[in-house]
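# Structural overview
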Amino acid sequence: MENNETKNPELNRSISKLRQPTTFARSASSTAISAAVAVAKAAGEQVDIPSEPKRPLSSSTNNNHGTSTVLGVKREAEQRAINKRAKVVHEPEKKTVGAPSRPLVTTTRAPPATRTGATVSTRSTATAPKPPVGRVNRPTTTTVSTTRSSVAAQRSTNMTSTAQRRAGTPATTSSARTTTTSSRTVTSSRTTSTSSRASSRGSSVQPQSAPETASAPPSGSTPSSTTIGGASGGDLDTVFELPKKKKRPAWDTKGRLEDMEELTSIMRQHLQTSNSNQSEMKNMLASSESKIAELETFRKSLESKVQVKETENQDILRKMQNVEHDLQLTARRHEDEIRSLKSQHSMEVEQLKMTQARLKEETERIEAKLKATNLQLEQQQMDNVQLRATISTQSSNCLALESDNRALKMKIERTENTLAQREATIEDLEKQLAASQATVQDLEQKIRNEETIRRRLHNTIQELKGNIRVFCRVRPILSPSDTTSPTSKAETTSAVIRYPDQEGREIEFSQASETITGTQVSKTYPFTFDKVFQPASTQEDVFEEISQLVQSALDGYNVCIFAYGQTGSGKTFTMEGPPNAGDKDIGMIPRSVMQVYENAKRLEDKGWKYTMEGQYVEIYNETINDLLGNPGDTGKKYEIRHGPSGKTTITDITTTVLTTPAKVEALLKKAAQNRAFASTNMNERSSRSHCVFTLRLSGTNSITDESSEGILNLIDLAGSERLSQSGATGDRLRETQAINKSLSCLGDVIQAISNKDSHVPYRNSKLTYLLQHSLGGNSKTLMFVNISPLLSNFNETLCSLRFATKVNACTIGTATKRAVKSSAASNGTLGSSISSS
Ligand SMILES: Nc1ncnc2c1ncn2[C@@H]1O[C@H](COP(=O)(O)OP(=O)(O)OP(=O)(O)O)[C@@H](O)[C@H]1O
């Protein structure tokens, strides 16, 4: 509670308010006590009123309770009246025995064993400690009930007295008892009063000794004690505390009568006193009842206040509960905080432990480092000693070096002199170099001139060789696994072939036959060409012979190289090479392009710059197909056009600028793919069509201001087998007829050129029309006649060789350069004479 008082000011105020009725109750109980005392006084007793009960009166006066003030005033008035009556009653009592209201006073002064508890309650209320705030109303209630009990006790006393008066003798006994008790109490009261007076006079007699005096009379005979009557007199003595008298003998009737009379007179007196007391008590009862009413009213008001206070108390309790709840929350929050702080603390402790361990490790590491450093230091100190020794050695060496240095300096001076001499020599040499460079330039110019002369001489040689030449190539006999051609697979029996001359220009076929007479004769068919390549000849051997012609194309001539022969004789092998050929087996077309590239590169040093364009067409059944176009473009129509400057073109044909050998390779691959595509759809068309690869070479020389335009045609002709031999019908018959026609047209054209006919039938076939400017006077023509070595192909071989011999016999005039603007030519030197010839 004290805690609450200190902590909660509102609660303190409530407590102080609740304490006020307690004070009032105290005053009310004091009033009751005063009333009881007054009754006692009225009964003639000298009562010492304790100072405590008076205080509430004054305090109640001090308080603002009007009721208390009124009660106090009333009580004082009553007390004065009672005191007045008590004086009246008291006078005779001084002579006789006690007052009627003695029990009240007795109970007031009595120890806890007193029969009447009202006054005890009053005293306990007066002396009780302050009640707790929560139970403020309880003492008030007690006070009221106590007051009631007091009043009830008074009533019961009065009623007893009244009953005694009304009753006869039996009542007298009880009345007498009461009176006796009262008398005894009065005696003690008197003693007390005496003691009080003595005390007031400064006596040291204590009030507590009074009851002892009253209750413990001397065991012997007290002079003032009187014994009344006989056996019954003993009871009366006990009741009224009469002075003990010696028991009269039975025969002393007179004495006994006297005692009885004395007793009767005493009883009468007591009865009178009782009657007067009764009337007084009635008055007191009336006043007490009015007081009770007042007190009841007051109680009600107190109850209402108590209710209000209870409500306030509940509010306060609620507030306290809220406060307690808040406190619990705060406590919980604090507990949580404490927990978190504890965990944080433990974490920090852990971290500190880890840090400590780390620091320990670091310290150990540093110590180890320090040890190592110390060791190093010792080592370095040792090294230092050694270095000092070395330095002393080096200083002695240094002296030696200085002397060497001096010697070197002298040497350098000598070298510098030599250098100056050499610089002079270098200057001379540079002059010589400049002179040499001038000579080189002159020589280079001469070389260029020589190149021009070489070209003309080369051309002269070609012309001397003939502008149309025929090479014969015999393919080897193939093993069945080497070929897919049914013709070559069928047989492996070779015809009798001989190569009689050493120069490799003749070939001789022999055939055994029987005469009519039955004799065996051998018939020989000799042929002579510009070159005969035996089966063992390589692609390289063949190209070596034609490389001169390729060079002619680079020099600005139209060159045409055919491959003629029956199917499977090796035309494609010669011109293109076998599929997936290696460097060794690649054909004339790739080799020619490679050579053109190489020579063009070489000629760049001499001022020549070339551009190359390639096209690849197929003539099948007198129809032109683009082998570099898309395989699906079958509906396209290509037409051959001849320009005024002698340039032949095909409309819509694909032309590829060949800047690198890789591009040429890609071009040939694409053409082979297109041919393969056509073959699958058109039944081995590769052997039924003419393939013409055209390479246009345009060159300019910035130094000599020359330019050239050459064309290299490399043609893989269709198989030349005769109709009768092939036995073809239907589409194959038409194909063969077309092939034969174009091939015979080729022969006709060559024949007409050779005969110098006015009309050359170029237009008779697409092939001859396309090659119009590559056959004839301005061109260099080479024909490979490819033949099979097989005996079964003997007749076709003979046909091919006879056709080639006819071609070889032709003279198609002198080839001329196209669009050549050579300074050497304009000077009318060797070139012009060759041209004119
Ligand atoms: N000189 C050679 N050395 C080795 N094999 C050759 C030679 N000539 C041709 N052959 C082979 O002979 C077979 C027929 O050759 P190729 O296809 O070139 O004949 P072709 O005359 O072009 O036939 P087609 O007219 O049907 O095209 C091929 O398998 C080829 O590899």
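Computed from a prediction, not measured in an experiment: that's the story for all the values here.

Quick look at the overall build of the chain now. The helix and strand inventory of the chain stands at 22 helices and 14 strands. Within the chain, contacts between residues at least 6 apart in sequence are counted, and of these 72% link residues at least 24 apart.

In this section: unusual backbone geometry. Phi at Glu 622 is positive, roughly 65 degrees, even though this residue is not glycine. Here Glu 622 is to be found in the loop between β7 (608-620) and β8 (623-626). Phi is positive for Asp 705, which is not a glycine, with a value near 60 degrees. Considering the arrangement of structural elements, one finds Asp 705 in the loop between β12 (690-701) and β13 (706-716).

Let us look at the pattern of salt bridges. Any two side chains of opposite charge can pair, on the condition that their charged atoms come close. By the definition in use, this model includes 9 salt bridges. One salt bridge connects Asp 252 with Arg 248, and the closest N-O pair in it is separated by 3.2 Å. Classification of Asp 252 by relative accessible area gives buried; the value is 17%. Residue classification places Arg 248 among the partly exposed positions, given a relative accessible area of 25%. The salt bridge involving Glu 639 is made with Arg 641; its shortest N-O contact spans 3.1 Å. Take Glu 639: its relative accessible area is 42%, and that puts it in the partly exposed class. Through salt bridges with shared partners, a single ionic network connects Arg 248, Asp 252 and Asp 259.

Before going further, it helps to examine the sheet that holds strand β4 (residues 520-528). Strand order in the open sheet formed by 3 strands is β2-β3-β4, and the pairing between neighbours is antiparallel. Both outer strands of the open sheet, β2 (496-498) and β4, are each paired with one neighbouring strand and no more. Neighbour to neighbour, the strand axes of the sheet diverge by 25 degrees on average, direction disregarded. Here strand β3 (residues 506-514) pairs with β4 via 9 bridges, running antiparallel. Bridged to Gln 511 within β4 is Lys 523. Against the sheet, helix α20 (residues 794-809) engages β3 and β4, with an angle of about 35 degrees to β4.

Looking now at the packing of aromatic side chains. The description of an aromatic ring pair uses the distance of the two centres, along with the angle that the planes make with each other. Under the counting rule described, the total for this entry stands at 8 aromatic pairs. Aromatic pair Phe 471 and Phe 533: ring centres 5.7 Å apart, planes at 75 degrees, arrangement edge-to-face. Here Phe 533 lies in strand β5 (residues 531-533) and Phe 471 lies in strand β1 (residues 468-474), a separation of 62 residues in the sequence. For Phe 533, a relative accessible area of 3% gives the class buried. Measuring from ring centre to ring centre gives 5.8 Å for Trp 608 and Tyr 610, while their planes differ by 20 degrees; the resulting arrangement is stacked. Of the two residues, Trp 608 and Tyr 610, neither departs from the other in class, the shared state being buried. One aromatic cluster in this structure is built from Phe 471, Phe 533 and Phe 784. Residue placement shows Lys 780 over the ring face of Tyr 557; its charged tip is 4.0 Å from the ring centre.

For the rest of this paragraph, the subject is the environment of Thr 655. Residue position: Thr 655 is located in the loop between β10 (648-650) and β11 (656-657). Excluding residues within four positions of it along the chain, Thr 655 makes contact with Glu 613, Gly 614 and Gln 615.

Let us look at helix α13 (residues 539-555). Taking 1.5 Å of rise per residue, the 17 residues of α13 would be expected to cover 24 Å, and the 24 Å separating its terminal C-alpha atoms lies within 8% of that figure. When the local axis directions of α13 are compared, the greatest deviation, roughly 45 degrees, occurs at Ile 546. Of all 17 residues in α13, 12 are buried; the element is thus mostly enclosed. Of all the positions in α13, only Gln 539, Val 542, Phe 543, Ile 546, Ser 547, Leu 549, Val 550, Gln 551, Ser 552, Ala 553, Leu 554 and Asp 555 are classed as buried.

Let us look at the packing of α13 against helix α15 (residues 588-604). It is the contact of α13 with α15, at a shortest axis distance of 9 Å, that shows an interaxial angle of 50 degrees. Between α13 and α15, the crossing angle belongs to the class labelled oblique. Taken as a pair, α13 and α15 cross one another with a handedness that is right-handed. Contacts between α13 and α15 involve Gln 539, Glu 540, Val 542, Phe 543, Ile 546, Ser 547, Val 550, Gln 551 and Leu 554 from the first element and Met 588, Arg 591, Ser 592, Gln 595, Val 596, Asn 599, Ala 600, Arg 602 and Leu 603 from the second. When the residues that make up the contact of α13 with α15 are grouped by side-chain class, the tally is 9 nonpolar, 6 polar and 3 charged.

The next point concerns a negative patch on the surface. Taken together, Glu 361, Glu 362, Glu 364 and Glu 367 make up a surface patch of like negative charges. Structurally, Glu 361 is set in helix α11 (residues 253-465).

Helix length check: α20 (16 residues) gives 22 Å between terminal C-alpha atoms against 22 Å at 1.5 Å per residue, within 8%. For α20, the full list of buried residues reads Phe 794, Glu 796, Thr 797, Leu 798, Ser 800, Leu 801, Phe 803, Ala 804 and Val 807.

Membership of the largest hydrophobic core comes to 50 residues, with the highest contact counts inside it found for Cys 472, Ile 507, Phe 509, Phe 529, Phe 562 and Val 785. The biggest single contributor to this core is helix α18 (residues 730-754), with 7 residues. Ignoring sequence-local partners within four residues, the contact set of Phe 562 consists of Ile 715, Leu 717, Leu 746, Leu 771, Leu 775, Thr 781, Leu 782, Met 783 and Phe 784. Residues Ile 546, Val 550, Ile 561 and Leu 667 belong to the second largest nonpolar core, which totals 40 residues.

Time to look at the pairing of β12. Judged by how many residues are buried, β12 sits mostly within the fold: 10 of 12 residues are covered. Of the strand pairs in this sheet, β12 and β13 are connected by 11 bridges, and their pairing is antiparallel. Residue pairing for β13: Thr 700 is matched across the bridge by Ser 707. Hairpin connection of β12 to β13: 4 residues between the antiparallel strands, including Asp 705 at a positive phi of 60 degrees.

Here the chain shows a mean pLDDT of 72. Residues at 70 or above account for 62%. Across the chain, the element-wise mean pLDDT spans from 24 in helix α22 (residues 830-836) up to 94 in β5. Contacts from residues 1-7, a stretch scored under 50 in pLDDT, to residues over four places away or in other chains number 9 contacts. Throughout residues 86-234 the model reports pLDDT below 50, and contacts reaching past four residues in sequence, or to other chains, amount to 198 contacts.

Along the chain, the position of His 759 falls in the loop between α18 and α19 (766-770). It is 9.1 Å that separates the C-alpha atoms of His 759 and Val 749, two residues lying 10 residues apart in sequence.

Rules used in this analysis
Residues take numbers from 1 onward in each chain, read along the sequence in its written order. Local features in this predicted model are restricted to residues of pLDDT 70 or higher, and side-chain atom pairs are both shown and tallied only at a pLDDT of 80 or more, whereas totals for entire chains, interfaces and linings draw on every residue. Hydrogens and water are ignored here; the side-chain numbers use all heavy atoms of the structure. Strands are runs of DSSP state E lasting at least two residues, helices are runs of H or I lasting at least four, and both sets are numbered from the N terminus onward. Contact definition: two residues touch when any of their heavy atoms are within 4.5 Å. By definition here, a salt bridge exists when the distance from a side-chain nitrogen of Lys or Arg to a carboxyl oxygen of Asp or Glu is within 4 Å. The buried label applies to any residue whose accessible area, calculated with a 1.4 Å probe on protein chains only, is under 20% of its type's maximum; exposed applies above 50%, and partly exposed to all values in between. A pair of strands is treated as paired once DSSP finds two or more bridges between them. In this analysis an axis means a line fitted to C-alpha atoms, helices contributing only their contacting stretch, and an angle means the value between N-to-C directions, from 0 to 180 degrees. Put simply, two rings from Phe, Tyr or Trp (the six-membered ring, in Trp's case) pair if the centres are within 6.5 Å, and we call them stacked under 30 degrees between planes, edge-to-face over 60, tilted for the rest. Placement of a charge over a ring requires the Lys NZ or Arg CZ to be within 6 Å of the ring centre, with the centre-to-atom vector within 35 degrees of the ring normal. For a helix, the expected span equals 1.5 Å multiplied by the number of residues minus one. Working definition for bend: take the seven residues up to and ending at a residue and the seven starting at it, fit an axis to each, and measure the angle between the axes. Here the angle decides the label: under 35 degrees means roughly parallel, over 145 means roughly antiparallel, 65 to 115 means roughly perpendicular, and every other value means oblique. Throughout, a crossing is termed right-handed when the near helix is turned clockwise from the far one, and left-handed when it is turned anticlockwise from it by less than a right angle. Any residue outside Ala, Val, Leu, Ile, Met, Phe, Trp, Tyr, Cys, Pro, Asp, Glu, Lys and Arg is labelled polar, Gly included; the first ten of those are nonpolar and the last four are charged. Like charges within 9 Å and nonpolar side chains (Val, Leu, Ile, Met, Phe, Trp, Tyr) within 5 Å are joined into patches, using only residues over 30% in relative accessible area that form no salt bridge. Surface exposure here means Shrake-Rupley accessible area, sampled with a 1.4 Å probe, where a residue is shielded only by the protein chains that are shown. The charge count treats Lys and Arg as positive and Asp and Glu as negative. His and the chain ends do not count. To locate a charge, the coordinates of NZ of Lys, CZ of Arg, CG of Asp or CD of Glu are taken. Take the buried Ala, Val, Leu, Ile, Met, Phe, Trp, Tyr and Cys residues and link them wherever side-chain atoms come within 4.5 Å; each set so joined is a nonpolar core. Residue-level confidence of the predictor is summarised by pLDDT, bounded by 0 at the bottom and 100 at the top.

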